[in-house]
Amino acid sequence: ICLAHLAPDEKLAARLVQAGAVASLLELLPSNEVTIRLPASSALASICAADGGRAAVEKEQGLTRVLMLLSDDNDEVCTEGVRCTANLSLRPYFQAEIVQVGGLDRLLELSRSSSSAQVQLEATRAVACVAETGSNQSSIVEQAGLSVIMQLALKKQDATIKADELEGAESELSFRSEELA
C-alpha cells in the first residue's frame with residue numbers, strides 16, 4: 001500500500017525502479033486479494049508514467065500480467081490496469097506487443113462499453129498510442145477502432161490526449177482503411 005502512495009512522485013518512482021520494485025509489483029498482480037492487487041496496480045501504473053518504469057516492465061516481460069488487470073472483477077483494479085496499459089503503450093515495444101498478445105481486443109471492448117468514463121478514456125488513449133505503429137493500424141481498422149478514437153475526439157473529454165495525436169491516428173487509420181477497402 002505504501003508504494004501506491006510513493007509512486008506518483010516522479011523522483012520516488014525512479015528510485016522504486018532502481019530498487020527493483022517493478023518485479024515485485026508484477027508478482028503481486030495475480031493475487032486473489034483485491035487489497036493486494038489494487039495498490040500494486042496503482043503503483044505500477046504511476047511508475048509506468050515514466051519511460052524508466054516502462055523499460056523495467058519490458059525487462060521483466062510483465063505485459064501479460066498487466067493485461068490480466070483489464071478483465072479484473074474489481075472496477076478500481078481494472079481502471080489501474082487500463083491506466084498502466086495506456087502508459088505502457090507510449091513505448092513502441094509495447095505498441096506491437098499489445099496487439100500480438102490480444103490486448104487490443106480488450107482495450108477496444110473497454111473503450112466502447114465500460115461503464116466507467118475513466119476506463120473508456122484510458123483505453124482509448126492506449127488504442128490511439130498503439131495506432132502509432134504502422135503494422136498495428138490495419139488491426140485497428142479491421143476492428144473498427146477508428147470509430148472509438150473519433151468518438152473520443154468528438155467528446156473532447158480529456159485534455160491529456162492531445163488533439164494532434166488523435167488527428168495523426170485518425171489520418172493514418174483512415175489511410176489504412178482506404179487501402180483495405
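Residues numbered from 1 in each chain as written. Predicted model: local features only at pLDDT ≥ 70, side-chain atom pairs only at ≥ 80, totals over all residues. Heavy atoms only, no water.

*Asks:* I'd like a description of the overall build of the protein, backed by residues and values.
*Replies:* Per the secondary structure count, the protein includes 13 helices and 0 strands. If you list the helices and strands of the protein from N to C, you get α-α-α-α-α-α-α-α-α-α-α-α-α. Put simply, the protein shows about 9000 Å² of open surface, and 50% of that area lies on carbon and sulfur atoms. (Helix = DSSP H or I, 4+ residues; strand = E, 2+ residues; numbered from the N terminus. Areas by Shrake-Rupley, 256 points an atom, 1.4 Å probe, with all protein chains shown as cover.)

*Asks:* I'd love a proper account of the confidence of the model for the protein, names of residues and values included.
*Replies:* Any segment with low pLDDT has predicted coordinates that should not be analysed in fine detail. On average, residues of the protein score 78 in pLDDT, and 68% of them are at 70 or above. Element-level pLDDT for the protein is lowest in helix α13 (residues 163-180), with a mean of 50, against a maximum mean of 95 in helix α6 (residues 63-68). Under a pLDDT of 50 for its full length, residues 156-164 has, in the predicted model, 6 contacts with residues more than four places off or in other chains. (pLDDT = per-residue confidence, 0-100. Contact = heavy atoms within 4.5 Å.)

*Asks:* I'd like a description of the nonpolar core, backed by residues and values.
*Replies:* The biggest cluster of nonpolar side chains holds 37 residues, and the ones touching the most others in it are Leu44 and Leu88. Tallying contributions element by element places helix α7 (residues 75-88) first for this core, with 6 residues. (Core = buried A, V, L, I, M, F, W, Y, C linked by side-chain atoms within 4.5 Å. Buried < 20%, exposed > 50% of the residue type's maximum accessible area, 1.4 Å probe, protein only.)

*Asks:* Help me get a handle on helix α10 (residues 117-130), residues and values and all.
*Replies:* The first and last C-alpha atoms of α10 sit 20 Å apart over 14 residues, in line with the 20 Å expected at 1.5 Å per residue. α10 sits mainly inside the fold: 12 of its 14 residues count as buried. Buried residues of α10: Val119, Gln120, Leu121, Glu122, Ala123, Thr124, Arg125, Ala126, Val127, Ala128, Cys129 and Val130, and no others. Measuring from the backbone nitrogen of Gln118 back to the side-chain oxygen at the start of α10 gives 3.3 Å, which picks out Ser116 as the cap. (Expected span 1.5 Å × (residues − 1). Polar contact = N/O pair within 3.5 Å; in protein donor to acceptor, adjacent residues only side chain to side chain.)

*Asks:* Describe the pattern of salt bridges, with residues and values.
*Replies:* By the definition in use, this model includes 7 salt bridges. Between Arg91 and Asp51 there is a salt bridge whose closest N-O contact spans 2.8 Å. On the criterion of sequence distance, the pair formed by Arg91 in the loop between α7 and α8 (92-100) and Asp51 in helix α5 (residues 51-59) is long-range, its members being 40 residues apart. The class of Asp51 is partly exposed, set by a relative accessible area of 41%. Connected via shared salt-bridge partners are Asp51, Arg54, Glu58 and Arg91. (Salt bridge = Lys/Arg side-chain N within 4 Å of Asp/Glu carboxyl O.)

*Asks:* Any chance you could break down the packing of α7 against α10 for me, citing the residues and the numbers?
*Replies:* Relative orientation of the contacting elements α7 and α10 amounts to 20°, with a least axis distance of 8 Å. Classified by the interaxial angle, the pair formed by α7 and α10 is roughly parallel. Crossing of α7 over α10 shows left-handed handedness. When α7 is examined against α10, the residues Thr79, Val82, Arg83, Thr85, Ala86 and Asn87 are found in contact with a partner set consisting of Gln118, Val119, Glu122, Ala123, Arg125 and Ala126. Considering only residue class, the contact of α7 with α10 consists of 5 nonpolar, 4 polar and 3 charged. (Axes fitted to C-alpha atoms, helices over the stretch in contact; angles between N-to-C directions. Parallel < 35°, antiparallel > 145°, perpendicular 65-115°, else oblique. Left-handed = near helix turned anticlockwise from the far one by under 90°. Nonpolar A, V, L, I, M, F, W, Y, C, P; charged D, E, K, R; others polar.)

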